[in-house]
Amino acid sequence: MRIATCIPVIGGLILATPLIAQVLNDDVALRPDYREGAHYTTVTRGGITEELYTSADAIEAARAGDPFPEGTVITMDDFRGGELTRILVMEKRAAWSDRSDSGSWLFREFAPDGTPNMQEDGTRCQSCHASQGANDYVFTRDNMME
Ligand code: HEC
């Protein structure tokens, strides 16, 4: 009897743990080799310099006027006063469309050492990028044409 009443409790804990740990943008990873992909533009504004990287497939899709392919990752190194201060990543997966206001893109911020910023679940990022629906949610899509 005792054992039987314990089982649902343990089962409940095991099930509940991943739900508590799940953050909206948990699945977005920083690829260690992103700088080996296509560096397609540099954006400068005041003391800020941003270096932008994606895959050759993504550039090809932009040039063809197609939506970005499933699995596209765009990574942005953000330098302030010449120092890398953060790395911003957006990644597109059809399965994420119910978690995003920006199509099926999720967003995540990392420190220069690759540690994710756990205070940033990407909601703020999504709502600003949502204005770029006509460009598949990517502000610098036109820069891929150059
Ligand atoms: C207030 C609006 C705004 C917010 C909030 C925002 N972005 Fe952006 N993002 C931009 C703009 C504008 C650009 C184009 C580059 C530039 O002008 O700096 C951009 C560019 C990017 C790019 C390069 C691809 C593209 O769309 O051009 C990535 C990756 C990115 N942002 C990720 C993020 C992440 C991750 C967050 C949240 C931590 C975030 N952004 C929050 C406005 C925003």
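Model, not experiment: these values are computed from the prediction.

Novice: I'm lost on the overall build of the protein in this one. Help?
Specialist: Counting its regular elements, the protein contains 3 helices and 5 strands. Written out in order from the N terminus, the α and β elements of the protein read α-β-β-α-β-β-β-α. For the protein, the proportion of contacts with a sequence separation of at least 24, taken over those separated by at least 6, is 44%.

Novice: What is the right way to look at the site of the ligand in this model?
Specialist: Surrounding the ligand, one finds 20 residues, the nearest of these being Phe107, Cys125, Cys128, Phe139 and Thr140. Here the shell around the ligand gets 4 residues from one element, more than from any other, and that element is helix H3 (residues 123-129).

Novice: Help me understand the sheet that holds strand S4 (residues 83-92), please; the structure alone is not making it clear to me.
Specialist: Read across the open sheet, the 5 strands follow the order S1-S2-S3-S4-S5; overall the sheet is antiparallel. On the outer flanks of this sheet lie strand S1 (38-45) and strand S5 (105-110), each paired with one strand and no other. Taking the axes of each pair of neighbouring strands and ignoring which way they run, one obtains an average angle of 20° across the sheet. Pairing geometry for strand S3 (residues 73-80) and S4, over 8 bridges, is antiparallel. Among the inter-strand pairings, aspartate 78 is bridged to a residue of S4, identified as arginine 86.

Novice: I would appreciate a short explanation of the pairing of S3 in the present structure.
Specialist: Within a regular strand, side chains alternate between the sheet's two faces. In the sheet, strand S2 (residues 48-54) pairs with S3 via 6 bridges, with the strands oriented antiparallel. Note on S3: the bridge partner recorded for leucine 52 is methionine 76. Two successive antiparallel strands, S3 and S4, enclose a turn made up of 2 residues, where glycine 81 displays a positive phi of approximately 55°.

Novice: Hey, could you run me through the nonpolar core in this one?
Specialist: Grouped burial of nonpolar side chains is what soluble globular proteins tend to show. By size, the foremost hydrophobic cluster in this structure holds 21 residues, and its most contacted members are Leu52, Ile74, Val89, Met90, Trp105 and Phe107. Those elements that place two or more of their residues in this core are S2, helix H2 (56-64), S3, S4 and S5. At 4 residues, S4 tops the list of elements feeding residues into this core. Contacts of phenylalanine 107, omitting those with residues within four sequence positions, involve Asn25, Val28, Met90, Gly122, Cys125 and Gln126.

Novice: Explain the environment of proline 32 to me, please; I cannot follow it from the model alone.
Specialist: In this structure, proline 32 sits in the loop between helix H1 (2-21) and S1. A tally of 8 C-beta atoms within 10 Å means that proline 32 is categorised as exposed. Spatially, the C-alpha atoms of proline 32 and glycine 114 are 8.6 Å apart, while their sequence positions differ by 82 residues.

Novice: Just to check I follow, could you spell out unusual backbone geometry for this structure?
Specialist: A negative phi angle is the norm for most residues apart from glycine, just as the trans form is the norm for most peptide bonds. Even without being a glycine, aspartate 136 presents a positive backbone phi close to 55°. Topologically, aspartate 136 is positioned in the segment after H3. Positive phi, close to 70°, is recorded for tyrosine 137, a residue that is not glycine. The residue tyrosine 137 is located in the segment after H3 in this model.

Novice: How do you make sense of the environment of proline 116 when you look at a structure like this?
Specialist: Assignment of secondary structure puts proline 116 in the loop between S5 and H3. Since 18 C-beta atoms lie within 10 Å of it, proline 116 is described here as partly exposed. Considered as a pair, proline 116 and aspartate 26 are 90 residues apart in the sequence and their alpha carbons are 9.0 Å apart. When neighbours within four sequence positions are excluded, proline 116 is seen to be in contact with Arg108 and Phe110.

Novice: Even after reading the chapter, I still don't get the environment of aspartate 136, so can you show me in this structure?
Specialist: Residue classification places aspartate 136 among the buried positions, given that 20 C-beta atoms sit within 10 Å. For the pair formed by aspartate 136 and serine 102, sequence separation is 34 residues and the distance between their alpha carbons is 8.2 Å. If sequence neighbours within four positions are ignored, aspartate 136 has contacts with Pro67, Phe68, Gly103 and Arg141.

What counts, and at which threshold
- Residues numbered from 1 in each chain as written.
- Predicted model: local features only at pLDDT ≥ 70, side-chain atom pairs only at ≥ 80, totals over all residues.
- Helix = DSSP H or I, 4+ residues; strand = E, 2+ residues; numbered from the N terminus.
- Contact = placed C-beta atoms within 7 Å.
- Near = placed C-beta within 6 Å.
- Pairing = 2+ DSSP bridges.
- Axes fitted to C-alpha atoms, helices over the stretch in contact; angles between N-to-C directions.
- Core = buried A, V, L, I, M, F, W, Y, C linked by C-beta atoms within 7 Å.
- Buried ≥ 20, exposed ≤ 12 C-beta atoms within 10 Å, placed from the backbone.

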